[in-house]
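What the coordinates show
Residues per chain are reported as follows:
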Amino acid sequence: MTASETRPLTAAAPSRARKFPSGFMWGTATAAYQVEGAACVDGRTPSIWDTFAHTPGKVFEGHTGDVAVDHYRRYREDVRLMSELGLDSYRFSVSWSRVQPTGRGPAAQKGLDFYRRLVDELLTAGIEPALTLYHWDLPQELEDAGGWPERATAERFAEYAALLAGALGDRVERWTTLNEPWCSAFLGYGSGVHAPGRTDPVAALRAAHHLNLGHGLAVQALRAALPSGGRLAVSLNLHEVRPLTASDADREAARRIDAVGNRIWLGPMLEGGYPEDLFADTARLTDWSFVQDGDEAAIGQRLDWLGVNYYTPTVVSEVAAGEAKPQEDGHGDSAYSPWPGADDVAFHRAPGERTAMGWPVDPSGLYDLLTRVSARYPDLPLVVSENGAAYEDVVGPDGSVEDPERIAYVHAHLKAVHRAIADGADVRGYFLWSLLDNFEWAYGYAKRFGAVHVDYETLERTPKASARWYAGVARTGELPSAGREKPARRPREIR
Ligand code: IFM
């Protein structure tokens, strides 16, 4: 054990400690392209993120996921870290082009073997695997054939789901189809700040529908192939949309963003079909004739839980004609909007504390989201499948990383989760994003979300103070009252 691992946890004040329900699941999450590296190993072919990251100007300072944090080779060490932190579950994603290099047809055995080894290692350590099929890394071959705007991609996705269920279904019960399809559709095909970098609002809406369809077909494939039927979900980055003022115009802006940010997924997945107002808002762009008879029924499969990813609220107003339009929606800079049909909506960031992403810290958004979603879908357990924060971490002279801001962020958000549960929301677990510092998409390695620090030169892992703090919460199932540690004086930066 290193010195930092033996440091005592933040002391709890028992009188005001908040106890989570027994069985509440404590986990951490990662995604394949962000952590695995080994981009050209064992038959893996490029995904859209390999292509995008290798395209000059797309990712900060030309960073790529070629090596990432080498989870592909260091997974045993990473599982050991999770085990030392006493975590119940690990949410990871599978690299589609590692297990099915052409995006169709036969599997690459070596790729599948990696996930078998990872899962076995987790199970041996008593950590439940929570497998996400798709976290944004479409095989490039499928993008070359048209990508998510094409229906065939949804069909390929269901075949890939069946293939993985056949290979891992004997040892993985908890599955998520898609992670944050909003980002895949609207950042990938709308604003172009994510792979594949297209900037076509109609393609983005088509992609959204085929992601929905892929989800529904994959759920059907998993149910058919998994011995127990599985515990199946999707993870959505639901937007907690707030109008800037109580004016009718700002409320109308919020309705539009709720439609294309949230109900575009929740409608067909959980309510039988797309909302009519979404069709009306986007009628200038498309007649949605790509939605075929039976698609909405295929998408609306029964789920066992819903993953909710939350970082910050989305504050909107309407822009009057000719007015300058603030566009701080937190999803990167682009001349193209990721919000089709919402050209007259402006995005604002609340004043006050922000993370290194520039995202305002507002745990009330998580409380509001969980209570609202749970009230609307009372029979569907929720899991916070991502929450966390990037900060400018500094490695101290003794090699330790004190990150009081991250502890305060997670503490405040867990407090919100606890309050939501107390007020009736059925929330069953929490996955901290992320286990490790990793490749933060268009920001490359410039933003660190990990509970565990990674030295990008040596790939050495060091649990930050927040990891030790989170381990204490996971071990006791209790949130100490003193979350807001006094920010420690920052040690001098040594690398
Ligand atoms: O790193 C991402 C993750 O891949 C998806 N959800 C948001 C995180 C932070 O931006």
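In this report, the structure presented in the accompanying data block is examined. Since this is a predicted model, take the numbers as computed values, not measurements.

Our focus in this paragraph is the pairing of strand β5 (residues 174-179). A large share of β5 lies buried, amounting to six of its six residues. When strand β4 (residues 128-134) meets β5, the two strands line up parallel, connected through four bridges. Residue pairing in the sheet places threonine 132 in a bridge with threonine 176 of β5. Sheet topology places β5 next to strand β6 (residues 231-236); four bridges connect them, and they run parallel. Considered in β6, the bridge of threonine 176 is made with alanine 233.

With that out of the way, let us pick up the environment of tyrosine 443. With respect to the helices and strands, tyrosine 443 occurs in the loop between β12 (427-433) and β13 (452-454). By relative accessible area, tyrosine 443 is classed as partly exposed at 28%. The spatial distance from the C-alpha of tyrosine 443 to the C-alpha of histidine 63 is 8.3 Å, given a sequence separation of 380 residues. Discounting residues that sit within four places of it in the chain, tyrosine 443 has contacts with Phe60, Gly332 and Met357.

Moving on, we get to the packing of helix α6 (residues 109-124) against helix α8 (residues 151-168). For the pair α6 and α8, the least separation of the axes is 10 Å and the interaxial angle reads 50°. By the criterion of interaxial angle, the relationship of α6 to α8 is oblique. Two packed elements cross with a definite hand, and for α6 against α8 that hand is right-handed. Residues Leu112, Tyr115 and Arg116 of α6 pack against Leu163, Leu164, Ala167 and Leu168 of α8.

Pairing is possible between side chains that carry opposite charge, provided their charged atoms lie close to one another. Within the structure shown, the criterion is met by 40 salt bridges. With a shortest N-O distance of 3.3 Å, glutamate 252 and arginine 256 are connected by a salt bridge. One end of the pair is glutamate 252 and the other is arginine 256, both in helix α11 (residues 248-270) and four residues apart, which spans about a single turn. Since its relative accessible area comes to 27%, glutamate 252 is described here as partly exposed. A salt bridge links lysine 464 to aspartate 393; the nearest nitrogen and oxygen atoms lie 2.5 Å apart. With lysine 464 in the loop between β14 (461-463) and α16 (465-476) and aspartate 393 in the loop between β11 (382-387) and α15 (404-422), this residue pair connects regions lying 71 residues apart in the sequence. Several salt bridges share partner residues, and in doing so they unite Glu252, Arg255, Arg256, Asp258, Arg263, Asp277 and Asp281 into one network.

Within the secondary structure layout, aspartate 50 lies in helix α3 (residues 48-53). With a relative accessible area of 7%, aspartate 50 lands in the buried category. Within the structure, the side chain of aspartate 50 is placed 2.9 Å from the side chain of arginine 44, a separation counted as a polar contact. When near neighbours in sequence (up to four residues on either side) are disregarded, aspartate 50 contacts Tyr33, Ala39 and Arg44.

Tallying each qualifying case throughout the model produces 39 aromatic pairs. Their ring planes at 55° and their centres at 5.7 Å tell us that tryptophan 96 and phenylalanine 157 sit as a pair that is tilted. Of this pair, tryptophan 96 sits in helix α5 (residues 96-99) while phenylalanine 157 is found in helix α8, placing the two residues 61 residues apart along the sequence. When sorted by exposure, tryptophan 96 lands in the same class as phenylalanine 157, which is buried. Their ring planes at 55° and their centres at 4.8 Å tell us that tyrosine 445 and tyrosine 456 sit as a pair that is tilted. Residue tyrosine 445 is located in the loop between β12 and β13, and its partner tyrosine 456 is located in the loop between β13 and β14; the two are separated by eleven residues in the primary sequence. Of the residues examined, tyrosine 445 reaches a relative accessible area of 15% and is grouped as buried. Lying over the aromatic face of tyrosine 72, arginine 98 brings its terminal NZ or CZ to 4.1 Å of the ring centre. Positioned over the ring face of tyrosine 367 is arginine 419, at 3.7 Å from the centre of the ring.

Thresholds, definitions, all that
- Residues numbered from 1 in each chain as written.
- Predicted model: local features only at pLDDT ≥ 70, side-chain atom pairs only at ≥ 80, totals over all residues.
- Heavy atoms only, no water.
- Buried < 20%, exposed > 50% of the residue type's maximum accessible area, 1.4 Å probe, protein only.
- Helix = DSSP H or I, 4+ residues; strand = E, 2+ residues; numbered from the N terminus.
- Pairing = 2+ DSSP bridges.
- Contact = heavy atoms within 4.5 Å.
- Axes fitted to C-alpha atoms, helices over the stretch in contact; angles between N-to-C directions.
- Parallel < 35°, antiparallel > 145°, perpendicular 65-115°, else oblique.
- Left-handed = near helix turned anticlockwise from the far one by under 90°.
- Salt bridge = Lys/Arg side-chain N within 4 Å of Asp/Glu carboxyl O.
- Polar contact = N/O pair within 3.5 Å; in protein donor to acceptor, adjacent residues only side chain to side chain.
- Phe/Tyr/Trp six-rings, centres within 6.5 Å; stacked < 30°, edge-to-face > 60°.
- Lys NZ or Arg CZ within 6 Å of the ring centre and 35° of its normal.

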